[in-house]
Amino acid sequence: RAVSDMLFGAKITLADAALTDSSVLVVERSRTGSLENPPLSGRDLGRPERFQLVRTAGRCVLIHGDDQARYELTEAECVAEE
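This text gives an overview of the structure that appears in the document.

Calculation criteria
Residues numbered from 1 in each chain as written. Predicted model: local features only at pLDDT ≥ 70, side-chain atom pairs only at ≥ 80, totals over all residues. Heavy atoms only, no water. Disulfide = S-S within 2.5 Å. Helix = DSSP H or I, 4+ residues; strand = E, 2+ residues; numbered from the N terminus. Buried < 20%, exposed > 50% of the residue type's maximum accessible area, 1.4 Å probe, protein only. Core = buried A, V, L, I, M, F, W, Y, C linked by side-chain atoms within 4.5 Å. Contact = heavy atoms within 4.5 Å.

### Some words on the state of the cysteines
A covalent bond bridging the sulfur atoms of two cysteines is what the word disulfide describes. Inspection of every chain in the model, using the stated rule, returns 1 disulfide. Cys60 shares a disulfide with Cys78; S-S distance 2.1 Å. Where Cys60 bonds to Cys78 through sulfur, the torsion about that S-S bond is close to -120°, and the disulfide is left-handed. Here Cys78 lies in the segment after strand 4 (70–72) and Cys60 lies in strand 3 (residues 59–64), a separation of 18 residues in the sequence. A single burial state applies to Cys60 and to Cys78, both of which are buried.

In structure tokens, the structure reads:
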């Protein structure tokens, strides 16, 4: 939900293991189109969205790489990455 909120309500699908092995999350844009109506270039040339999970003052905070927007994950537990 946090990633979707930070991307203005975009529908996001994350793997169950997202942010469990690394504090970095990269979300690529989904391709729009179908087999009958593919995208013109065959791929989306937009940059992927990058997020960093940090622990600060005992809290888990997700930071959006582009604008440094912060979202506190109040229901999550996190540990510092080694």
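The rest of the description comes next.
### As for the nonpolar core
Within soluble globular proteins, side chains that are nonpolar generally end up buried alongside one another. Membership of the largest hydrophobic core comes to 13 residues, with the highest contact counts inside it found for Val3, Phe51, Leu53, Leu62 and Leu73. Elements supplying a minimum of two residues to this core: helix 1 (2–6), strand 1 (24–27), strand 2 (49–56) and strand 3. Broken down by element, the residue count for this core peaks at 3 residues, all from helix 1. When sequence neighbours within four positions are dropped, the list of residues in contact with Leu62 reads Ala2, Val3, Met6, Leu19, Phe51, Gln52, Leu53, Ala69, Arg70, Tyr71 and Leu73.

### Here we look at the environment of Glu75
By the secondary structure assignment, Glu75 is in the segment after strand 4. Put simply, Glu75 and Cys60 are 15 residues apart on the chain and 8.9 Å apart in space, counted from C-alpha to C-alpha.

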